[in-house]
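Observations on chain architecture
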Amino acid sequence: MTTVVQKAPRLTIDGAIRIAAEVYGLQVSATALPSERDQNFLLEISTGEKFVLKIANADEDPQFLDCQNQLIRFLAAAKIDLEFPRIVETIAGADLASVTGDDSRAHSARLLTWVDGACFAAAKPHDRKLLASLGRALGQMDRASANFAHPAARRVFHWDLCNAAEARTSIDLLPDSRRRIIEPFFAAWEKIDWRSLRFSVIHNDANDYNVLVSTDEKSGRRVSAIIDYGDVVYSATVGNLAVALAYVMLDEPDPIQAAAQVVSAYHEQFPLTESEIDVLYTLTVTRLCLSVCIAAQQTRDVPENEYLNISNAQVWSLVEKLQHLPFDWPTRVFRFAAGMPVVSDQPAHTQSDSLLARRKRTLGPSLSVSYKSPLHIVSGSRQFLFDVCGRRYLDCVNNVAHVGHSHPYVVRAVTEQMARLNTNTRYLHELLIEYSERLTATLPEELSVVFLVNSGSEANELALRMARAYTKRNDVIVVDCAYHGNTSAMIDISPYKFDGPGGHGRRAWVHQVTLPDIYRGAHRGEDAGTRYAEAVSDALRPAEVNGGVAAFFCESAVSCGGQIILPAGYLREAFAAVRAAGGICVADEVQTGFGRAGSHFWMFETQGVTPDIVTLGKPIGNGHPLGAVVTTPEIAAAFANGMEYFNTFGGNPVSCAVGLAVLDVIRDEELQQNAREVGGYLKDALNQMKSRHSLIGDVRGQGLFLGIELVRDRQTREPADREAARLIEQMRKRGVLLSTDGPFHNVIKIKPPIVFSRRDADELISQMEIVLD
Ligand code: PMP
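Structure report, in brief.

About the criteria used
- Residues numbered from 1 in each chain as written.
- Predicted model: local features only at pLDDT ≥ 70, side-chain atom pairs only at ≥ 80, totals over all residues.
- Heavy atoms only, no water.
- Phe/Tyr/Trp six-rings, centres within 6.5 Å; stacked < 30°, edge-to-face > 60°.
- Helix = DSSP H or I, 4+ residues; strand = E, 2+ residues; numbered from the N terminus.
- Buried < 20%, exposed > 50% of the residue type's maximum accessible area, 1.4 Å probe, protein only.
- Contact = heavy atoms within 4.5 Å.
- 1 Å grid on protein atoms, 1.4 Å probe; cavity = no way out; pocket = protein on both sides within 12 Å on 5 of 7 lines; lining within 4 Å.
- Points joined across faces, edges and corners; volume = space filled by probe spheres on them.
- Nonpolar A, V, L, I, M, F, W, Y, C, P; charged D, E, K, R; others polar.
- Pairing = 2+ DSSP bridges.
- Arc of directions from axis to C-beta.
- Salt bridge = Lys/Arg side-chain N within 4 Å of Asp/Glu carboxyl O.
- Near = heavy atom within 4 Å.
- Polar contact = N/O pair within 3.5 Å; in protein donor to acceptor, adjacent residues only side chain to side chain.
- Areas by Shrake-Rupley, 256 points an atom, 1.4 Å probe, with all protein chains shown as cover.
- Axes fitted to C-alpha atoms, helices over the stretch in contact; angles between N-to-C directions.
- Parallel < 35°, antiparallel > 145°, perpendicular 65-115°, else oblique.
- Left-handed = near helix turned anticlockwise from the far one by under 90°.

Counted by the stated rule, this structure contains 15 aromatic pairs. The interplanar angle of 40° and the centroid separation of 6.0 Å between the aromatic rings of phenylalanine 199 and tyrosine 234 together place this pair among those described as tilted. Placement of phenylalanine 199 in strand β8 (residues 199-202) and of tyrosine 234 in strand β11 (residues 233-236) is noted, with a sequence separation of 35 residues between them. By relative accessible area, tyrosine 234 is classed as partly exposed at 26%. With centroids separated by 5.8 Å and ring planes inclined at 65°, the aromatic side chains of phenylalanine 594 and phenylalanine 601 adopt a geometry described as edge-to-face. Assigned by exposure class, phenylalanine 594 and phenylalanine 601 land together as buried.

Turning next to unusual backbone geometry. Going from lysine 124 to proline 125, the amide bond is cis rather than trans, its omega being 0°. By the element assignment, proline 125 lies in the loop between β7 (118-119) and α3 (128-145). With a phi angle near 70°, aspartate 228 is a residue other than glycine that sits in the positive phi range. With respect to the helices, strands and loops of the structure, aspartate 228 is situated in the loop between β10 (220-226) and β11. A residue is classified by how much of its surface remains accessible, and aspartate 228, at 25% relative accessible area, is partly exposed.

Our next topic: the environment of valine 213. Of note, valine 213 is situated in strand β9 (residues 211-216). Separated by 94 residues in sequence, valine 213 and cysteine 119 have C-alpha atoms that sit 6.0 Å apart. In this structure valine 213 touches Gly117, Ala118, Phe120, Ala123, Leu130, Arg221, Arg222, Val223 and Ser224, once residues within four positions along its chain are discounted.

In this approach, a probe sized like a water molecule rolls over the atoms, and the result shows the empty space that is left. Per the counting criterion, the structure on display carries two cavities of 30 Å³ or more. Approximately 50 Å³ is the volume found for the largest cavity. In terms of lining residues, the largest cavity is bounded by Asp38, Lys54, Ile55, Ala56, Glu60, Leu65, Gln68, Arg110 and Gly230. Breaking the lining of the largest cavity down by element, the ones donating at least two residues are β3 (50-55) and α2 (62-77). Tallied by class, the residues present in the lining of the largest cavity amount to three nonpolar, two polar and four charged. The volume enclosed by the second largest cavity comes to roughly 40 Å³.

Counting buried residues along β3, five of its six residues qualify, which places the element largely inside the surrounding structure. Pairing analysis gives six bridges linking strand β2 (residues 39-44) to β3, with the strands arranged antiparallel. Each bridged residue has a counterpart across the sheet, and for phenylalanine 41 the counterpart in β3 is leucine 53. The hairpin formed by β2 and β3 contains five residues between the paired strands, and glycine 48 there has a positive phi angle of roughly 95°.

Of the positions making up helix α9 (residues 312-322), those classed as buried are Asn312, Val315, Trp316, Leu318, Val319 and Leu322. End-on, the buried residues of α9 take up no more than an arc of 165°, which puts them together on one face. Elements that come into contact with the buried residues of α9 comprise α5 (176-190), α6 (238-248), α7 (255-269) and α8 (274-301).

What follows is about the pattern of salt bridges. Under the defined criterion, the tally for this structure stands at 36 salt bridges. Across the pair glutamate 709 and arginine 700 runs a salt bridge, and its minimum N-O distance is 2.8 Å. Judged on exposure class, the residue glutamate 709 and its partner arginine 700 are both buried. Among the ionic pairs, arginine 712 bridges to glutamate 723, the shortest N-O distance being 2.7 Å. Residue arginine 712 is found in strand β23 (residues 705-713), and its partner glutamate 723 is found in helix α22 (residues 721-733); the two are separated by 11 residues along the sequence. Residue classification places glutamate 723 among the partly exposed positions, given a relative accessible area of 26%. Residues participating in the shared-partner salt-bridge network are Asp172, Asp176, Arg179 and Glu183.

The next point concerns the site of the ligand. Residues in contact with the ligand, as listed here, are Ser455, Gly456, Ser457, Asn460, Tyr483, His484, Gly485, Glu555, Asp588, Val590, Gln591 and Lys618. Within the side chain of glutamine 591, one N or O atom sits 2.6 Å away from an oxygen atom of the ligand. Protein contact buries 84% of the 390 Å² of open area that the ligand shows by itself. Residues belonging to the shell around the ligand are distributed by class as follows: two nonpolar, seven polar and three charged.

Looking now at the packing of α22 against helix α23 (residues 758-772). Where α22 contacts α23, the axes come no closer than 10 Å and their chain directions differ by 125°. By the criterion of interaxial angle, the relationship of α22 to α23 is oblique. In terms of crossing hand, the pair formed by α22 and α23 is right-handed. Counted together, Leu727, Gln730 and Met731 of α22 and Leu764, Gln767, Met768, Val771 and Leu772 of α23 form the full contact between these two elements. Considering only residue class, the contact of α22 with α23 consists of six nonpolar, two polar and no charged.

Have a look at this one:
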């Protein structure tokens, strides 16, 4: 049996030079390029212009070569951020020429202009930006080629993923040990329901030698071309992405994470369907199986062609790694990357009405539920929540699901550690120490002692005890409208609660200072930070009467108070005054920490201060109940006064595993940088919206901690609370979740999971624009 490879043309360099002269009228120098079953030459003319002369396999149908040419022209005319070669006509004005090879067989020849760029295989490391650029390029390509048709694309082809059964017949050429590894992958391929997938003409060979990368000074490296249309076929559209992913995963320490970057960017350009996402991993590994089977077959037939084994060793090493992954893991990661519910099969759900009735009977009425008609949410992914009817909502408020709802890496950390061990801090455990070290590494050097707890309230509660133990004093200074937690002592120091409905009013040991609000407050100028800090100095006097101040508690940006960014210099001056009076300073970072600020990992850093105690919560565990207090060795020593501190759940190995996973994801997915970029972009867009709508009095914030204050009149700043409530309800109807805050309930707060993208920002803006109109 002769294979297609055995019919590869056998032209010499001189033959190529002769064809260039006779057929194209070009005087060239030539070098041979690698190819699986054709022959390619790089030609160069005296001006330096370069071309690729492609001599097709004798088996190749000229109709199919026309299909390639037409597709290249079609894509070049589409709005795609990629370069395409130009097809050079023969002297006679044709796209194709028939030439005779040195083997006396007739072959079709084509001439294309050369496209410059480094190949992806050589463009290591494949950072997130480059991977995203590949995803965007492929998504744009597939979106465009969905509208392309050519009869010759409908062919039976051994590299077509739909046709993997053909290559599978060569599995017997592999040694038993290797065959056993890939058999389960082929078995999964057999189960694909092809009718559920979209079909179109696809490139089908975005391997790491066909993807070209170029570098420009401003935007860095990006995928600039995808070359070689010899494997074009009418097939499952998602196959094009699957082929690319197979090569993206080669040599990656975390191949699935690398692939997910591509998937996410692809999905933004050309949304994948759920059925496509669900077969994507199977198709990706099928491509790897095809690669090793076809290589085995061709090595048997043409042992001298090295191109055939170009990536064989890498492919085997990848396949060997992938065999140990739970088969549903990559799909979970890809579903998350596409913002789809991570687990596809949803359990049966009760009617929302009856659930509400049961809730009212069983839960205390002081627990409130959002919206006039409550939402019944059953799953989440990234910055999206899904209700019982499958409707998707853009979550712009949940700062707990910091790295995204149901992040698969966080979920895996919880489940794996829960399966292994969960106990308390009375035993030695690596994770407790590793996590504490990693956490303190993000903080100023002085803050080096960690206490792990289970909530923000508990963290602040412990901070208060420590402050009292260290200073041997009792009083606390707090900021108006602040909220620090739900325990008795925390309600005592939370004006947002004790001053609000049902509140007991201020305790004598608590001293309240003005909210440093530069929009609505008394001080709005350059010196606002100093003016508001004077209020803290003033509060020291009544505290002195009671024996002195133990602590000044301050959120690093005041959330319940209405997304207030502290004016420059405020904490520096307030801290100095408090410390001079013998008190200590507690920064409540429960809402604001872990990169949300964008410019800094911690919001207090934007004020240029180092607190004596920092309290952490909400985002720290991405939804797992975890909190932390980090302080100085001196304060920790004073707290160790003989009374043991024990916390049953605080610091358990599961919580530590979660905390570590969250820190890893923030670093690996560059989420602090995302908060800075997307936050800046969104704030600019909100400011533009402000110029069009007089209802918006103020836009403020930092990173992905933003607020929009609504007013009826920009002069009087009369709070537009009813309008804000209506806006929230209307936005919910449009699939965007927001909520209000501030003493007058007129501030729209925006503090989404920090995976929030520019596209989400656009969506938020365009929906809000409609509602405001
Ligand atoms: N501090 C701040 C600033 C908060 O916003 C909250 C919760 N909203 C807490 C503390 C209390 O945290 P938790 O609800 O986890 O007890």
